[in-house]
Structure formats: structure tokens, C-alpha cells
Amino acid sequence: MTAMDSSQVANVFWDYVFVGGGLAGSVVAHRLHQLDPGLKILIVEAGPDANNRDDIIWASSRNLVGGDFDWKDKSVSQSHLDGREVNFPGGKALGGGTVINSGGWLRGHKFDYDLWGSITNDVRWSYAGQLPFMRKTEKFWNDTINPDQHGHDGPMFIQSAESTNRKFPLRDYALKSWAELGIHPLPGMDANAGNPLGVGELQENRINGKRQIAAVVYPLDGVTIMTNNLVEKVLIKDTPGDEDGVGLAAVGIRLANGTEVRGREIIVTAGAVRTPQVLMLSGIGPVAELSKFNIPVRVDNSDVGQNLADHGLFFHAWKVKDPAAGWALGSPNPLFKEPQYAWGAPFDLIVSSDVDKKGLATAIAEDEGVAPDPSNHPFLANERTFVEHVFMYAGAADGSLVSFGALNMLVTARGSVTLASANVNEAPLIDPNLLGTAVDRYVAREAVRMQIKFAESTVTGREILDGEAGAPGFDGALSTDSTDEYIDARIRAGLGTCFHPMGTAAMGKVVDNNLKVKGVKNLRVVDASVFPVVITAHLQVAVFALAEQAAEIIDAGRDNSA
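Read on for an overview of the structure. (Residues numbered from 1 in each chain as written. Predicted model: local features only at pLDDT ≥ 70, side-chain atom pairs only at ≥ 80, totals over all residues. Heavy atoms only, no water.)

## So, the overall build of the chain
Note the cut-off: In this text, helices come from DSSP runs of H or I with a minimum length of four residues, and strands from runs of E with a minimum of two, each type numbered from the N-terminal end. Within these notes, the globule rule equals 2.2 Å times the number of residues to the 0.38 power, and the radius of gyration is based on C-alpha atoms. Only heavy atoms enter the contact rule, under which two residues are in contact if any of them lie within 4.5 Å. Residue exposure ignores everything except the shown protein chains as possible cover, and the areas themselves are Shrake-Rupley values with a 1.4 Å probe. Neither His nor the chain termini are counted; the positive set is Lys and Arg, and the negative set is Asp and Glu. By convention, the point assigned to a charge is CZ for Arg, NZ for Lys, CD for Glu and CG for Asp.
What the chain contains, in helices and strands, is 13 helices and 27 strands. Here the C-alpha atoms of the chain give a radius of gyration of 23 Å, agreeing with the 24 Å that 2.2 N^0.38 yields for 562 residues. Taking the principal axes of the C-alpha coordinates as reference, the chain spans close to 75 × 55 × 45 Å. Of all intrachain contacts in the chain linking residues separated by at least 6 positions in sequence, the fraction that spans at least 24 positions is 72%. Within the structure as shown, the chain displays about 20900 Å² of accessible surface, and the carbon and sulfur contribution to it stands at 50%. Here the chain holds 49 positive side-chain charges and 68 negative ones, and the gap between their average locations is 2 Å.

Next comes the structure, spelled out in C-alpha cells:
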């Protein structure tokens with residue numbers, strides 16, 4: 001990895017210039033250099049190099065979300081969350097989100113990827129098409145569990161609670177409680193085999209608890225890096241039209257300090273928030289949006305910055321009847337003093353579920369204005385991963401609480417990223433439109449109701465827990481007697497995002513199947529902004545696979561144009 005300043009990079013004509021050195025940028029640049037070490041590759045990253053920082057390595061590190069390497073963005077006021085703004089973290093360092101994320105490793109449901117492949121009419125983006133690249137990323141902890149689904153020679157080590165010998169006292173109770181609710185263990189306890197519906201073992205991309213930053217796991221030796229620099233825009237020039245009518249080409253970038261850098265191909269890997277901002281500042285986007293800030297229009301594309309989706313997340317805590325019994329972290333249980341209990345999240349199970357189809361059909365009818373046909377509506381005719389349930393064996397420093405997280409995974413609301421100004425130093429306007437549909441509101445309520453049943457009516461509730469802890473500003477607490485109105489109010493007051501934004505430069509609308517920006521030669525996007533459908537995953541898994549495949553697509557394109 002070679003560092004250069006802006007005056008030095010301006011004197012080189014680069015083969016590839018990456019706008020953003022996050023997860024996708026690190027992977028693609030590494031693979032391209034691996035394929036041809038003679039390539040001149042430049043990454044321009046807005047944040048610093050955090051690869052050697054000790055204060056981000058462990059799950060218990062305090063310098064993660066909200067810390068030194070977070071963009072610290074906020075959404076605009078959310079109309080379905082009582083007007084609240086919500087935090088919208090994103091990694092601002094080499095490695096991007098892998099510097100600050102929680103390390104959860106969940107690829108989502110096969111159905112999502114197959115839908116992606118179907119709407120693009122391209123098998124490469126189906127589950128079967130992306131599976132080889134998921135496997136290429138992984139060094140899975142076990143070589144006998146679904147070996148056809150997992151990689152064992154990849155750079156990213158995947159651990160589990162079992163592989164790290166974290167034996168939580170509440171595990172057996174939790175398994176029994178989920179079974180009482182009709183949710184049973186998956187084969188091999190593996191939620192990463194194409195269908196996560198059921199109970200799976202938590203998987204994390206950590207190695208003995210240590211964070212694996214993309215820019216470290218995919219070394220950038222031989223790649224030139226310029227950190228702490230914002231890219232203001234992609235430079236686009238007019239070119240003679242060819243057979244496909246494209247008369248524009250990307251020729252370089254302009255930094256926020258005015259320095260211009262030239263290159264043969266520009267690859268925007270800035271994430272689902274900054275990628276549409278960069279495209280719009282470059283003149284690629286909705287003409288009405290660009291005209292607000294007198295940005296010359298190069299490509300009028302109304303879909304740039306639209307289609308934003310993010311998984312919703314609602315937490316609630318429950319009291320432990322006897323904290324001294326040692327059920328939760330923070331209790332006097334000597335088990336939790338063993339070092340491996342700091343090697344990952346304070347839970348060991350990932351649970352995914354569908355929702356009741358009758359209530360779902362009612363919500364769909366409210367959103368779509370017509371009663372859906374259950375035989376062919378994609379949400380009704382198929383089992384889908386609407387909810388992820390997390391039961392955490394932690395919630396208070398003294399072990400007196402445990403916590404639940406309800407994640408809306410298959411959100412139907414769509415939001416946007418738009419410009420606040422023509423100044424790249426000013427964050428764009430982020431509107432995830434959380435709970436913006438009747439379906440999303442119904443799913444969130446059903447998820448919380450199921451968790452209430454778990455905490456009150458199953459063996460865990462009967463023997464271990466002692467009611468919900470409540471929330472500031474609310475009388476009473478969550479219970480099986482709670483009304484829909486009370487649960488909805490609690491959700492509106494507490495729901496945030498999972499920090500999984502996607503879709504703002506969607507494939508088929510903004511980029512083509514080879515990740516090329518429509519209407520401009522020599523310009524691609526490779527990050528979660530290209531997802532044309534909601535992926536019910538912890539998005540890093542899907543982005544690693546995307547980036548691995550993108551490197552091969554880009555390299556093949558170079559060979560074809562040679």
C-alpha cells in the first residue's frame with residue numbers, strides 16, 4: 001500500500017480510480033491488482049487508515065458507531081416515527097463499514113437473490129450465480145456443515161459461538177422457547193445455507209474475537225491510497241456517439257481541494273449514501289434535483305438516489321427474576337469472566353421468521369389499494385424472511401436485564417438520498433422512510449408481539465424473566481395484554497436503522513448488469529447502492545460477494561477492450 005498526496009496522484013494516468021476505499025473498494029482493488037500487478041490503481045478515501053487502531057478490534061470496543069470512523073449522519077425527520085431524526089452511521093475509513101460494524105455474518109434468503117437475477121434477467125445475480133463468490137470470501141469455521149454452501153479457503157474467517165466455546169447459560173432455554181413458538185433449529189444450525197427461516201447459530205466475521213477489516217483481509221499492497229480526501233465529482237467529457245448512443249465518458253475525478261486526477265476507468269464505491277451524492281454532483285441524476293443547485297445535467301436519470309431501503313431495528317429490555325443466578329452478562333457468574341465471552345456479540349442464536357399471512361394480506365391491501373391474490377403475490381405465495389429476532393443475554397451492567405432486537409428485514413417502504421447543496425462537504429439528505437408502509441408497520445408489530453410471547457408465555461418467561469422494563473415517556477410496559485396502539489407507539493418512539501442502506505443506484509435503473517453507469521462510458525458503481533431488491537442479509541456478506549464478482553467482470557471487460 002503506497003500513500004500519495006494530491007499533487008503526486010495528479011501526475012499519474014491511472015488504470016482504475018476508486019471513489020471510496022470501503023469494503024467494496026478494498027476487495028475490488030485487491031483482486032484487480034492480484035489479477036494484474038502491473039495495473040496503476042488509486043483509491044481515494046474520505047476517512048483515515050484505521051487498520052492499526054487497537055480501539056476498534058474487539059466487540060466491546062467503544063470507538064465504533066458514533067466514534068472516530070463514523071460519518072455520524074442523521075436522517076431527515078421521519079414522519080412515521082413521530083417526526084424523529086434517526087442516526088445513520090457509516091464507516092469513514094479504509095475498509096468502510098467493516099471498521100465499525102457488529103460483525104454479524106448472515107447472507108439472507110435465496111429468494112432475494114433469485115428475484116435479483118430474475119428482474120435483471122441475468123443468472124449471475126441469482127443465488128446460484130453469487131454463491132461461488134460468497135464461498136470465495138469465506139474461511140468457514142466448520143468443514144462438515146453444508147460444505148456445498150461454504151468456503152474454507154477464503155480470506156475472511158467466520159467464527160460461531162460454538163467455535164469460540166461461548167456456552168451461554170440461557171441457550172437451552174432460548175431453544176425451548178423458540179420451539180414453543182413453532183420455530184425450530186435449522187439443519188446444522190446454519191442460517192447461511194440459502195434459507196435462514198428458523199433458528200441458526202450466530203456467525204461473525206471475527207477471528208478469535210478480533211475484527212477483520214476489509215482493507216487488511218484484502219491487502220492493498222501495490223495499490224496507491226490517498227486518505228482523508230473527499231471526491232467532489234467525476235469528470236465527464238463529451239465523446240463521439242457509438243452504436244449504443246453513448247456520447248459521454250468518465251475521464252477522471254476532481255477532489256474537494258480542486259485537484260483533478262485522470263484515469264481510464266472510474267469506479268464509485270462510496271456506499272449507498274455517498275455514491276448517489278457523488279453521481280448527482282457529477283451531473284448524473286434527476287434533472288429537477290440537479291437544477292436546484294445549478295449543477296449542469298450530464299445524464300438525466302430520475303432513479304439516482306431513489307429506492308433507498310434500510311432494515312428497521314427496535315430494542316426492548318426485560319427484567320431477570322434473579323440476577324444473582326448468573327443468566328446474563330454483568331451477573332456474578334464466573335463463566336462470563338472467561339476471555340472468550342468478549343470475543344463476539346452477547347448472544348448465540350439468530351432467528352428468522354415469516355409473519356402471519358392473513359394480517360399481511362390486509363396490510364398489503366392497504367398499501368396497494370386492492371386485495372392481493374395469495375396464490376401469486378410474492379409475499380403471500382412464498383415463505384419470506386420478514387423478521388430477524390435477536391435475544392441478547394445482556395441489557396444492564398449488573399446482569400439484571402436481557403434484551404430483544406426486532407429487525408424488519410423485508411422492508412417495503414422506499415426512501416431517498418438527495419442533495420442538501422452542491423458542496424460535497426455537506427452531507428446529503430437521507431430519508432429512509434422508516435415504517436412508511438402498512439406492511440412495514442404490521443411486520444414490526446408482529447415481530448414485537450412474538451418476542452413478548454417468548455418473554456412472557458414460554459419457559460424462558462415463566463422461569464427466568466419478570467416482565468418488560470418499560471421505556472421513558474411511557475406508562476406501563478410491553479405485555480401480552482398490550483394493545484396494537486401501545487406497541488405501535490413504542491415502536492415509533494424507539495425504532496432506528498440496522499445501518500444497512502441499499503438501492504440508491506439500482507441495477508437496471510442506474511447501472512447495467514455489468515455495473516456500468518447508464519449513459520456514461522468508463523464509469524461503474526460497486527457497492528450496496530446497486531442492489532435492485534431488498535436483501536434480507538447483514539449486508540456486508542452480500543457486498544463481499546458483489547465485489548468479488550465485480551472484480552472478475554471488470555477484468556473481463558478490460559480483456560475484451562484490449
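## Some details on the environment of Gly-200
This is how the line gets drawn: Think of it in three bands: with a 1.4 Å probe and only protein chains considered, a residue is buried below 20% of the maximum accessible area for its type, exposed above 50%, and partly exposed in between.
Looking at the element boundaries, Gly-200 is found in strand β8 (residues 198-201). For Gly-200, a relative accessible area of 0% puts it in the buried group. When the C-alpha atoms of Gly-200 and Asp-190 are compared, they prove to be 5.1 Å apart, with ten residues separating the residues in sequence.

## Remarks on helix α2 (residues 23-35)
Our working definition: For a helix, the expected span equals 1.5 Å multiplied by the residue count minus one.
Between its first and last C-alpha, α2 extends 19 Å over 13 residues, near the 18 Å set by a 1.5 Å rise per residue. Turning to α2, its buried residues are Leu-23, Ala-24, Gly-25, Ser-26, Val-27, Val-28, Ala-29, His-30, Arg-31, Leu-32 and His-33.

## Brief notes about the packing of helix α5 (residues 171-180) against helix α10 (residues 438-457)
Let me state the cut-off plainly: Only the stretch in contact is used when fitting a helix axis, every axis being a line fitted to C-alpha atoms; angles between N-to-C directions are given from 0 to 180 degrees. Each angle gets one of four labels, with under 35 degrees taken as roughly parallel, over 145 as roughly antiparallel, 65 to 115 as roughly perpendicular, and the rest as oblique. Crossings are sorted by hand: turned counterclockwise from the far helix by less than a right angle, the near helix makes the crossing left-handed, and turned clockwise it makes it right-handed.
Close contact between α5 and α10 brings their axes to 10 Å; oriented N to C, the two are set at 120 degrees. When the axes of α5 and α10 are compared, the pair comes out oblique. In the crossing of α5 with α10, the sense of the turn from one axis to the other is right-handed. Seen from α5, the contacting residues are Ala-174, Ser-177, Trp-178 and Glu-180; seen from α10, they are Met-450, Phe-454 and Ser-457.

## Structural notes on the sheet that holds strand β9 (residues 203-204)
Let me state the cut-off plainly: By this definition, two strands are paired if DSSP reports at least two bridges between them.
The strand order across the open sheet formed by three strands is β6-β7-β9, and the pairing between neighbours is mixed. Strands at the two margins of the open sheet, each flanked by one partner only, are β6 (138-140) and β9. Sheet topology note: the strand β7 (residues 156-160)/β9 ladder contains two bridges and is antiparallel. Paired with Gln-159 across the bridge in β9 is Glu-204. This element, helix α4 (residues 127-137), spans β6 and β7 of the sheet and lies at about 65 degrees to β6.

## Points about helix α7 (residues 271-281)
Burial analysis of α7 places ten of its eleven residues in the buried class, the great majority of the element. Among the residues making up α7, those that are buried are Ala-272, Val-273, Arg-274, Thr-275, Pro-276, Gln-277, Val-278, Leu-279, Met-280 and Leu-281. Immediately downstream of α7, the backbone of Gly-283 shows phi near 95 degrees, a positive value.

## Details of the pairing of strand β15 (residues 260-268)
Of the pairings in the sheet, the one linking strand β2 (residues 13-19) to β15 comprises six bridges and is parallel in character. Counterpart to Tyr-16 in the pairing with β15 is Glu-265. Sheet analysis places strand β14 (residues 248-255) next to β15, joined by three bridges and oriented antiparallel. Along β15, the bridge assignment pairs Ile-253 with Val-261. Here β14 folds back onto β15, and the loop between the two strands holds four residues, one of which, Gly-258, carries a positive phi near 95 degrees.

## Overview of the pattern of salt bridges
Going by this rule: A pair is scored as a salt bridge if a Lys or Arg side-chain nitrogen falls within 4 Å of a carboxyl oxygen belonging to Asp or Glu.
The full count for this structure, using the stated rule, is 29 salt bridges. Each of Arg-31, Lys-136, Glu-548 and Glu-552 takes part in one network of salt bridges that share partners.

## Quick notes on the side chain of Glu-388
For the record, the criterion: Nitrogen and oxygen atoms within 3.5 Å of one another constitute a polar contact, given that in protein one can donate a hydrogen and the other can accept it, and given that sequence-neighbouring residues count only through two side-chain atoms.
Summarising the element assignment, Glu-388 is placed in strand β21 (residues 387-392). With no salt bridge to any partner, buried Glu-388 finds its closest opposite charge in Arg-107, at an N-O distance of 12 Å. Looking at Glu-388, its side chain comes within polar contact range of the side chain of His-538, at 3.0 Å. With near-sequence residues (within four places) excluded, Glu-388 lies in contact with Leu-106, Ile-350, Val-351, Ser-352, Gly-405, Ala-406, Leu-407, Met-409 and His-538.

## Things to note about the pairing of strand β3 (residues 41-44)
Here is the rule: When the strands point away from the viewer and the connection leading from the first strand across the helix to the second strand turns clockwise, the crossover is called right-handed.
Side chains Ile-41 and Ile-43 of β3 all project onto a buried face; the interleaved residues Leu-42 and Val-44 project onto the opposite face, where all are buried too. Looking at chain direction, β2 and β3 are connected through four bridges and run parallel. Bridge pairing in β3 links Val-17 to Leu-42. Running through α2, the crossover from β2 to the neighbouring parallel element β3 is right-handed. In the sheet, β3 pairs with strand β12 (residues 224-226) via three bridges, with the strands oriented parallel. Across the sheet, Val-44 pairs through a bridge with Met-226, a residue of β12.

## What to know about the packing of aromatic side chains
Each aromatic ring pair is described using two quantities: the centre-to-centre distance and the angle formed by the ring planes. Convention followed: Here a pair means two rings of Phe, Tyr or Trp (six-membered ring of Trp) with centres within 6.5 Å. Their orientation is stacked below 30 degrees between planes, edge-to-face above 60, and tilted elsewhere. The rule is short: NZ of Lys or CZ of Arg within 6 Å of the ring centre and within 35 degrees of the ring normal puts a charge over the ring.
With the rule as written, the count across this model stands at 18 aromatic pairs. Ring centres of Phe-140 and Trp-141 lie 6.0 Å apart, and the angle between their planes is 50 degrees; on these two criteria the pair is classed as tilted. What makes Phe-140 buried here is its relative accessible area of 5%. The residue whose ring lies beneath Arg-264 is Tyr-16, and the NZ or CZ to ring-centre distance is 5.0 Å. Taking NZ or CZ as reference, Arg-490 lies 5.7 Å from the ring centre of Phe-474, over its face.

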